[in-house]
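Report on the structure
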Amino acid sequence: MERPYILHMFTPGRQMSPFDINMAADAGYQVIAPYCEVDTDAIAGLVQDTIFSRSPKGLARTGIFIGGRDALMAADQLDRAKKAMFKPFQVSLMADPSGAYTTAAAMVACVEAALAPAHAQGLKGQRVLVVGGTGPVGRIAGVIAAQAGAEVHLASRGGEAAAKEVASETGKRFGVSLHGASGADESALGAAIAEADVVLACAAAGVQAVSAQTLAAARRLKVAADLNAVPPEGIAGLGVSDDAKPLAGTSAVGIGALAVGNVKYQTQQRMLQQMHEAPSAVVLSFPEAFATARAFIAEKAAKPAG
Ligand SMILES: NC(=O)c1ccc[n+]([C@@H]2O[C@H](COP(=O)([O-])OP(=O)(O)OC[C@H]3O[C@@H](n4cnc5c(N)ncnc54)[C@H](OP(=O)(O)O)[C@@H]3O)[C@@H](O)[C@H]2O)c1
């Protein structure tokens, strides 16, 4: 009998995300086992329990997915899982807490593509302001943009000190330099937007984080992207389906939540399929998500129109 494809899904939270379970089933996993309230110290034991019951052929049909809400904890759990395995007892691993890794990767890849016609060097040297920069998606979007050469500022409603603390913690964890900016009120956010080449709106769903009045302060804005698909739009005037469409009242183009969401969906689907089909173990985190999102966008651009 052929061994079934099994995905063990770990989350520190109380529930595994139904979205991720559906995606795993659609990628071909036949047995999907969610494990909830998994703390980081439990990872090594769970991983070793996973790897010793199957032959190398069976292990190629076994994967581990790490979810949750905390982008830094997921990275720690992925590291622990990697360290708990050794040849030939290795299975594929993927982390995507709250969709943050694939969503942030898709957003930054969309922005890079929108910058490309006028800026061959992409994000290098661009000043990026992440609104809602303290959430899981915002932090990772900031890290990916910084790794691509941008000067990144994470903004928080909690003010500059709170933003700096999150920027420092996140930057240290992933070896990049991140700055903090105040988003405490319209005037503070407007001052930060005035200096930004790129705005990434990563605030909570259903919230307008950048009003028309705040946006009017933008002087050098080239691209604005928004993740909020729940009305009202996260950036005033930026439609959910806009895909590098001129953004009213600015000289920038806007990318909406559904345009990013399509790239995020394809990115997560391709990564799960990669795990499912890999003949030997792979480890997939946000750098791999960014590479996958970039590849998807390049393929789309190369397709003849129509
Ligand atoms: N398209 C997709 O597939 C996909 C996948 C995942 C997430 N998303 C979207 O991505 C966005 C970010 O997700 P997330 O999980 O990182 O968000 P989150 O943790 O819920 O919120 C991010 C940040 O938004 C700020 N915020 C919270 N309430 C706010 C309010 N009422 N007004 C203004 N700011 C507020 C907070 O930062 P401060 O208090 O520090 O300012 C918070 O840390 C959401 O809109 C989510 O729906 C989309």
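The following refers to the structure shown.

Conventions adopted
- Residues numbered from 1 in each chain as written.
- Predicted model: local features only at pLDDT ≥ 70, side-chain atom pairs only at ≥ 80, totals over all residues.
- Heavy atoms only, no water.
- Helix = DSSP H or I, 4+ residues; strand = E, 2+ residues; numbered from the N terminus.
- Rg over C-alpha atoms; globule rule 2.2 N^0.38 Å.
- Buried < 20%, exposed > 50% of the residue type's maximum accessible area, 1.4 Å probe, protein only.
- Contact = heavy atoms within 4.5 Å.
- Lys, Arg positive; Asp, Glu negative; His and termini not counted.
- Charge placed at Lys NZ, Arg CZ, Asp CG, Glu CD.
- Core = buried A, V, L, I, M, F, W, Y, C linked by side-chain atoms within 4.5 Å.
- Domains from an automatic or database assignment.
- Axes fitted to C-alpha atoms, helices over the stretch in contact; angles between N-to-C directions.
- Left-handed = near helix turned anticlockwise from the far one by under 90°.
- Nonpolar A, V, L, I, M, F, W, Y, C, P; charged D, E, K, R; others polar.
- Salt bridge = Lys/Arg side-chain N within 4 Å of Asp/Glu carboxyl O.
- Expected span 1.5 Å × (residues − 1).
- Arc of directions from axis to C-beta.

**Section: the overall build of the protein**
- Looking only at helices and strands, the protein has 11 helices and 12 strands in total.
- Over its C-alpha trace the protein gives a radius of gyration of 20 Å, about what one expects of a compact globule, namely 19 Å for 306 residues.
- Its C-alpha atoms give the protein principal-axis dimensions of roughly 65 × 50 × 35 Å.
- Within the protein, buried positions represent 52% of all 306 residues.
- Counted over contacts in the protein with a minimum sequence separation of 6, partners at least 24 positions apart contribute 72%.
- Each charge sign in the protein was given a centre, from 26 positive and 27 negative side chains, and these centres are 5 Å apart.

**Topic: the nonpolar core**
- Ranked by internal contacts, the top residues of the largest apolar core, which has 80 residues, are V47, Y101, V111, V152 and L200.
- Among the elements that make up this core, the one with the highest residue count is helix α5 (residues 100–115) (11 residues).
- Built from parts of two domains, this core gets at least three residues from each of domain 1 (6–99 + 266–302) and domain 2 (101–260).
- Aside from chain neighbours lying at most four places away, what touches V47 is F10, I64, A81, A84 and M85.
- A192, A209, A218 and A224 belong to the second largest nonpolar core, which has 20 residues in total.

**What to know about the packing of helix α10 (residues 257–277) against helix α11 (residues 286–302)**
- Put simply, α10 and α11 touch, their axes get as near as 9 Å, and they point 115° apart. For the pair α10 and α11, the crossing hand works out as right-handed. Mapping the contact onto sequence places N262, V263, Q266, T267, R270 and M271 in α10 and E288, A289, T292, A293, F296, I297, E299 and K300 in α11.
- Taken together, the residues of the contact of α10 with α11 sort by class into 6 nonpolar, 4 polar and 4 charged.

**Things to note about the environment of V223**
- Structurally, V223 is set in strand β9 (residues 223–226).
- Look at V223 and you get buried, because its relative accessible area is 1%.
- For the pair formed by V223 and R54, sequence separation is 169 residues and the distance between their alpha carbons is 49 Å.
- The residues touching V223, leaving out its near neighbours within four places in the chain, are V111, A114, L115, D197, V198, V199, A252, V253 and I255.

**Some points on the pattern of salt bridges**
- Enumeration over the complete set of coordinates arrives at 15 salt bridges.
- The closest approach of N and O atoms between K164 and E160, which form a salt bridge, is 3.3 Å. With a gap of 4 residues between them, K164 and E160 both fall in helix α7 (residues 160–174), about one helical turn apart.
- By relative accessible area, which is 47% here, K164 ends up partly exposed.
- We note a salt bridge from D197 to R220, for which the minimum N-O separation is 3.0 Å. With D197 in the loop between α8 (186–194) and β8 (198–201) and R220 in the loop between α9 (212–215) and β9, the pair connects residues that are 23 residues apart, well separated along the chain.

**Notes on α7**
- Taking 1.5 Å of rise per residue, 15 residues should cover 21 Å, and α7 covers 21 Å from first to last C-alpha, within 8% of that figure.
- When we look at burial in α7, the residues that qualify are A163, V166, A167, T170, G171 and F174. End-on view of α7: buried residues confined to an arc of 125°, all on one side of the axis. Turned more than 90 degrees off the buried face of α7, the exposed positions are A161, E165 and K172.
- Tucked into the core, α7 has its buried residues touching α4 (71–83), α6 (136–147), β6 (151–156), β7 (178–182) and α11.
- With its phi angle positive at about 70°, G175 sits one or two positions after the end of α7.

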